[in-house]
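# Structural characterization, general
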Amino acid sequence: MILRNVLLTLALMATATSQADINIGESVPTSGLAGDTGKALALGASIYFGRVNAQGGINGEPINLITRDDGYDATRTLANTHDLLEKENAVALIGYYGTTPMQELIKSRMLDNAGVALVGAYSGADSIRNPGSPYFFQTRASYTDEIERIVSLLNDHLGVTRIAVVAQKDGFGEAGYTALKNELAKRKLTLAGEAWYDKNTGDTNGAAQTLAKINPEAIVLVAISKPAATFTKQYKALGGTSQLYGLSPIQYDEVTKAVGVGTAHGIGLSQVFPAPTNAQLKLIRDFQKDAEPFLKTGDYPSYALLEGYISARLLTEAIKRAGKNPTRASVYTALSNMRKFDLGGFTVDFSDKRRLGSNFVELTMISPTGTLTR
């Protein structure tokens, strides 16, 4: 999916409601290697908040989404968060990106000290979930859940035993790598091979060469979209024939755009939200209607766009429940009491002190036409 005038849209969302009392803060990469996904997360949230504002806001007050670019750098994430809380007086935070930035944010106790809720983060690492922070409300399943589904398909159903991994060298890669090793160990299996790539450069050439020499039956990609795309292209060019399976941080539309449908065809991907094309669900019908003005003709709405949209819907509901003049404390309380909230075919549950709102996982595959099959 190609987003139309994303930066302009985000800028307008931030300025058009600059007098709003309900400030929501977000730190995501809108530049660099993860910039496309970060923009989609931010745009998804702004699309839903824009819908709310067009209907008069909440108790007459519009929502002001303030998005800051962190370039997928944890230091910048912390600096952005400090500014959003201290200078912008954000009543809540939404849709952060990345395992290492989230690890550092939780370690800093910035959420706890400010008493501010963060709804949704683009990471399923156990390190940010258990114990995590009581102020972090997660909307997606864990990488452990995703890995379990992938290995179950490969080993239990297809009889595949030689499984290797290519992983990003940071907290995200370590989380997926550890989950995979543990899942294989349950079946008395070990990795057939492993290779790593640098988070900052995204250079996967060495990883492709290493694993092409092994050519295992399957390779799990613990990667983000652009490195996953370049690895796939390089690996296949070297004669690799392994079945490739990636985790949910890989956006299929970014991969097909980067390397073409012919190269991307056949990559399996785990997903932690319903398909953004599944119009059988009311949530998706609403999403498609709201997102349509931001898509070029023939483009499909992405999972990242949907993820931002879902987080915004949850946070909006909490703000409504918080009553007039919502505060950080009242929004936090509203989220804490959000029991099995059905968004229209996708349910999130934060009741009974739960902070892991969903364990939904399904497997998909990039088709010969560049769409996803389930």
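A few points on the structure. (Residues numbered from 1 in each chain as written. Predicted model: local features only at pLDDT ≥ 70, side-chain atom pairs only at ≥ 80, totals over all residues. Heavy atoms only, no water.)

### Digging into the overall build of the chain
- A count of helices and strands for the chain gives 14 helices and 14 strands.
- The C-alpha atoms of the chain give 20 Å as radius of gyration, which agrees with the globular expectation for 374 residues (21 Å, within 12%).
- If one aligns the C-alpha atoms of the chain with their principal axes, the spans along those axes are about 60 × 45 × 35 Å.
- Within the chain, the fraction of its 374 residues that count as buried is 60%.
- Restricting to contacts in the chain with at least 6 residues of sequence separation, those with at least 24 account for 71%.
- Working note: accessible area of the chain is about 14,700 Å², and carbon and sulfur atoms make up 48% of it.
- Of the charged side chains in the chain, 38 are positive and 36 negative; the average position of the first set lies 3 Å away from that of the second. (Helix = DSSP H or I, 4+ residues; strand = E, 2+ residues; numbered from the N terminus. Rg over C-alpha atoms; globule rule 2.2 N^0.38 Å. Buried < 20%, exposed > 50% of the residue type's maximum accessible area, 1.4 Å probe, protein only. Contact = heavy atoms within 4.5 Å. Areas by Shrake-Rupley, 256 points an atom, 1.4 Å probe, with all protein chains shown as cover. Lys, Arg positive; Asp, Glu negative; His and termini not counted. Charge placed at Lys NZ, Arg CZ, Asp CG, Glu CD.)

### As for the sheet that holds strand β14 (residues 372-373)
- Read across the open sheet, the seven strands follow the order β7-β6-β8-β9-β10-β13-β14; overall the sheet is mixed. Looking at strand neighbours, the two that pair on one side only are β7 (193-197) and β14, the edges of this open sheet.
- Pairing between strand β13 (residues 362-366) and β14: two bridges, direction antiparallel. If you follow methionine 365 over to β14, its bridge partner there is threonine 373.
- Where helix α9 (residues 225-237) meets the sheet, its contacts fall on β6 (163-168), β7, β8 (218-222) and β9 (243-246), and the angle it forms with β8 comes to roughly 155 degrees. (Pairing = 2+ DSSP bridges. Axes fitted to C-alpha atoms, helices over the stretch in contact; angles between N-to-C directions.)

### Some thoughts on the sheet that holds strand β5 (residues 136-137)
- Read from one edge to the other, the open sheet built from five strands follows the order β2-β1-β3-β4-β5, with strand pairing classed as parallel. Looking at which strands have only one partner, the edges of the open sheet turn out to be β2 (63-69) and β5.
- Where strand β1 (residues 22-28) meets strand β3 (residues 92-97), two bridges bridge the pair, whose relative direction is parallel. Bridge pairing links glycine 25 to leucine 93 in β3.
- Along the sheet, helix α2 (residues 35-54) makes contact with β1, β2, β3 and β4 (118-122), crossing β2 at roughly 170 degrees.

### Section: the packing of helix α12 (residues 282-291) against helix α13 (residues 303-321)
- For the pair α12 and α13, interaxial distance at closest approach is 11 Å and the crossing angle is 110 degrees. Regarding the angle of α12 to α13, the classification is roughly perpendicular. Together, Leu283, Ile284, Asp286, Phe287, Asp290 and Ala291 of α12 and Leu305, Leu306, Tyr309, Ile310 and Arg313 of α13 make up the contact between the two elements. (Parallel < 35°, antiparallel > 145°, perpendicular 65-115°, else oblique.)

### Focus: helix α3 (residues 74-86)
- For α3, built from 13 residues, the straight-helix expectation of 18 Å at 1.5 Å per residue is met to within 8% by its first-to-last C-alpha distance of 18 Å.
- Of the positions making up α3, those classed as buried are Ala74, Thr77, Asn80, Thr81, Leu84 and Leu85. One face of α3 carries all of its buried residues, which in axial projection span an arc of 125 degrees. In α3, the exposed residues that point more than 90 degrees away from the buried face are Thr75 and Glu86.
- The inward-facing, buried residues of α3 contact β1, β2, β3, α4 (99-108), α5 (110-114) and α14 (328-336).
- For α3, the N-terminal cap is aspartate 73; the gap from its side-chain oxygen to the backbone nitrogen of threonine 75 is 2.8 Å. (Expected span 1.5 Å × (residues − 1). Arc of directions from axis to C-beta. Polar contact = N/O pair within 3.5 Å; in protein donor to acceptor, adjacent residues only side chain to side chain.)

### Remarks on the pairing of β2
- Within β2, five of the seven residues are buried, leaving the element largely enclosed by the surrounding structure.
- Pairing analysis gives seven bridges linking β1 to β2, with the strands arranged parallel. Along β2, the bridge assignment pairs isoleucine 24 with leucine 65.

### Here's the deal with the nonpolar core
- Within the largest apolar cluster, 124 residues are counted, with the highest numbers of intra-cluster contacts made by Ile24 and Phe231.
- Sorting elements by how many residues they give to this core places α13 first, with 11 residues.
- Not counting the four nearest positions on each side in its chain, phenylalanine 231 is found in contact with Val166, Thr204, Ala207, Ala208, Leu211, Ile219, Leu221 and Leu244. (Core = buried A, V, L, I, M, F, W, Y, C linked by side-chain atoms within 4.5 Å.)

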